[in-house]
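# Analysis of the macromolecular model
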Amino acid sequence: MNALIALLFVAVLIIVAASALLAAAPQALLDWFEDRRLVREEVRERLNNNPEGGA
C-alpha cells in the first residue's frame, strides 16, 4: 500500500513538473522569435548603412 501511495505521489509530481514546462514553453518560444527578429533588423540596418559590406 505504501508503494502505491509513493507511486501516486511521484506521478503527481511528474504531472505538475510537465505542466510548468508546458506553461513556460510558449513564452520562451515568443522570446526566441523576438530575439531573431531583432537580430535580423540589426543586420539589415548595418547593411543599409554600409552597402559594400566592408569593415
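Provided above is the structure to which this section pertains.
All right, on to the overall build of the chain then. For the chain, the helix and strand inventory stands at one helix and zero strands. Here the C-alpha atoms of the chain give a radius of gyration of 23 Å, more than 25% beyond the 10 Å that 2.2 N^0.38 yields for 55 residues. Dimensions of the chain along its principal axes, counting C-alpha atoms only, are 75 × 15 × 5 Å. Put simply, the chain has 5 plus and 7 minus side-chain charges, and the middle of one group is 5 Å from the middle of the other.

Let us now look at helix 1 (residues 2-49). In this model helix 1 runs 70 Å from its N-terminal to its C-terminal C-alpha over 48 residues, within 8% of the 70 Å that 1.5 Å per residue would give. The largest bend in helix 1 comes to about 30 degrees, at A25, with the proline P26 one to four residues further on.

Together, M1, L4, I5 and L7 make up a nonpolar patch on the protein surface, roughly 490 Å² of accessible area in all. Its location among the elements puts I5 in helix 1. The exposure class of I5 is exposed, given its relative accessible area of 52%.

Enumeration over the complete set of coordinates arrives at one aromatic pair. Here W32 and F33 contribute two aromatic rings whose centre-to-centre distance is 4.9 Å and whose plane-to-plane angle is 75 degrees, an arrangement assigned as edge-to-face. By relative accessible area, which is 44% here, W32 ends up partly exposed.

Here we take up the environment of I14. With respect to the helices and strands, the residue I14 is situated in helix 1. A C-alpha to C-alpha distance of 18 Å links I14 and N2, two positions 12 residues apart in sequence.

Scoring rules and cut-offs
- Residues numbered from 1 in each chain as written.
- Predicted model: local features only at pLDDT ≥ 70, side-chain atom pairs only at ≥ 80, totals over all residues.
- Heavy atoms only, no water.
- Helix = DSSP H or I, 4+ residues; strand = E, 2+ residues; numbered from the N terminus.
- Rg over C-alpha atoms; globule rule 2.2 N^0.38 Å.
- Lys, Arg positive; Asp, Glu negative; His and termini not counted.
- Charge placed at Lys NZ, Arg CZ, Asp CG, Glu CD.
- Expected span 1.5 Å × (residues − 1).
- Bend = angle between axes of the 7 residues up to and from the residue.
- Patch = residues over 30% accessible without salt bridge, like charges linked within 9 Å, V, L, I, M, F, W, Y side chains within 5 Å.
- Areas by Shrake-Rupley, 256 points an atom, 1.4 Å probe, with all protein chains shown as cover.
- Salt bridge = Lys/Arg side-chain N within 4 Å of Asp/Glu carboxyl O.
- Buried < 20%, exposed > 50% of the residue type's maximum accessible area, 1.4 Å probe, protein only.
- Phe/Tyr/Trp six-rings, centres within 6.5 Å; stacked < 30°, edge-to-face > 60°.

That is the geometry; function is a separate question.
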